[in-house]
Amino acid sequence: GDTLLPLDGAQAQWPDFIAPALRDCPVAIARTVPPGFGRRRRHETAKLTDDAILAARTSLYIETQYLASFRVARRLEASLRRDEGPEILIVVTRTSRGMVERIVMEYNRNRLLRRLRRADRHGRLRVMCASTRAADGSRKEVLVHAKIIIVDDTFVRIGSSNLNNRSEGLDTECDLGFEAAQASHRQAIGTLRNDLLAEHLGT
């Protein structure tokens, strides 16, 4: 509840050795705040996710630790049932840690994926988990902890909120949304998606 005064003469502390991918790009902050103790409930992250899915025209790239929101599933189902719509690629953690997580997250994720497969009339959905090769040649799953949505080459959402019920209203979350306003922004967003794909594919 404190009021913070603006700083005079403050300079951006951007590291010299990293070239910024985006400049002068519109940025939004989206929050989830549960109600209580005089706090107003906010569900901006869920609304931003809905809007992102609905806006996708050619591609929708999602990385998420948990995929258990049936609200999100309904949006994805509607997109998959359309005669024309985006290709949807979801990179998600395959193996849950612990019994509670398995019951709450993994079972709901599996139910959700079955629904999406039934809705995928046009073969536009791919769901994958990340893995790497160990020294002995065996495959080891990579725990996906990212929470990112990339829509076409026009929008990126990245932050703390998972695609599950807790992140939609029970936990406190904060996401950033970047929307392309010019060609250089679209190129940067497309490059981010391609870099992530290349990392997962080891190429």
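Residues numbered from 1 in each chain as written. Predicted model: local features only at pLDDT ≥ 70, side-chain atom pairs only at ≥ 80, totals over all residues. Heavy atoms only, no water.

## What about the sheet that holds strand β1 (residues 27–33)?
And then number 1: An order of β2-β1-β10-β9-β8-β3-β4-β5 is seen for the eight strands of this open sheet, with the pairing classed as mixed. Here the strands that pair on one side only, and so sit at the sheet edges, are β2 (42–43) and β5 (125–128).
And then number 2: Two strands pair when backbone bridges link them, and strand β3 (residues 59–64) and strand β8 (residues 147–151) are joined in this way by five bridges, in the antiparallel orientation. Paired with Tyr61 across the strands is Ile150, a residue of β8.
And then number 3: Helix-sheet contacts for helix α1 (residues 44–55) involve β1, β2, β3, β8, β9 (155–159) and β10 (173–179), and the interaxial angle to β1 is about 130°.
And then number 4: Helix α5 (residues 183–201) contacts β3, β4 (87–92), β8, β9 and β10 of the sheet and is inclined by roughly 55° relative to β3. (Pairing = 2+ DSSP bridges. Helix = DSSP H or I, 4+ residues; strand = E, 2+ residues; numbered from the N terminus. Contact = heavy atoms within 4.5 Å. Axes fitted to C-alpha atoms, helices over the stretch in contact; angles between N-to-C directions.)

## Quick look at unusual backbone geometry
And then number 1: Not every positive phi belongs to a glycine, and Asp24 is a case in point at roughly 55°.
And then number 2: Summarising the element assignment, Asp24 is placed in the segment before β1.
And then number 3: For Asp152, which is not glycine, the phi dihedral falls at a positive 50°.
And then number 4: Its place among the elements puts Asp152 in the loop between β8 and β9.
And then number 5: By relative accessible area, which is 9% here, Asp152 ends up buried. (Buried < 20%, exposed > 50% of the residue type's maximum accessible area, 1.4 Å probe, protein only.)

## Points about the packing of α1 against helix α2 (residues 70–81)
And then number 1: At a closest axis distance of 10 Å, the pairing of α1 and α2 adopts a crossing angle of 15°. Classed by the angle they form, the pair α1 and α2 counts as roughly parallel. The hand of the α1/α2 crossing is right-handed. In this structure, α1 uses Ala46, Thr49, Asp50 and Ile53 to contact α2, whose residues at the interface are Arg71, Val72, Arg75 and Leu76.
And then number 2: For the contact of α1 with α2, the residue count by class is four nonpolar, one polar and three charged. (Parallel < 35°, antiparallel > 145°, perpendicular 65-115°, else oblique. Left-handed = near helix turned anticlockwise from the far one by under 90°. Nonpolar A, V, L, I, M, F, W, Y, C, P; charged D, E, K, R; others polar.)

## Let's talk about the pattern of salt bridges
And then number 1: Going through the model one piece at a time under the given rule, you end up with eight salt bridges.
And then number 2: The shortest N-O distance in the salt bridge between Arg71 and Asp50 comes to 2.9 Å. Here Asp50 lies in helix α1 and Arg71 lies in helix α2, a separation of 21 residues in the sequence. Asp50 carries the same exposure label as Arg71, and that label is buried.
And then number 3: One salt-bridge network, held together by shared partners, links Arg31, Arg42 and Glu44. (Salt bridge = Lys/Arg side-chain N within 4 Å of Asp/Glu carboxyl O.)

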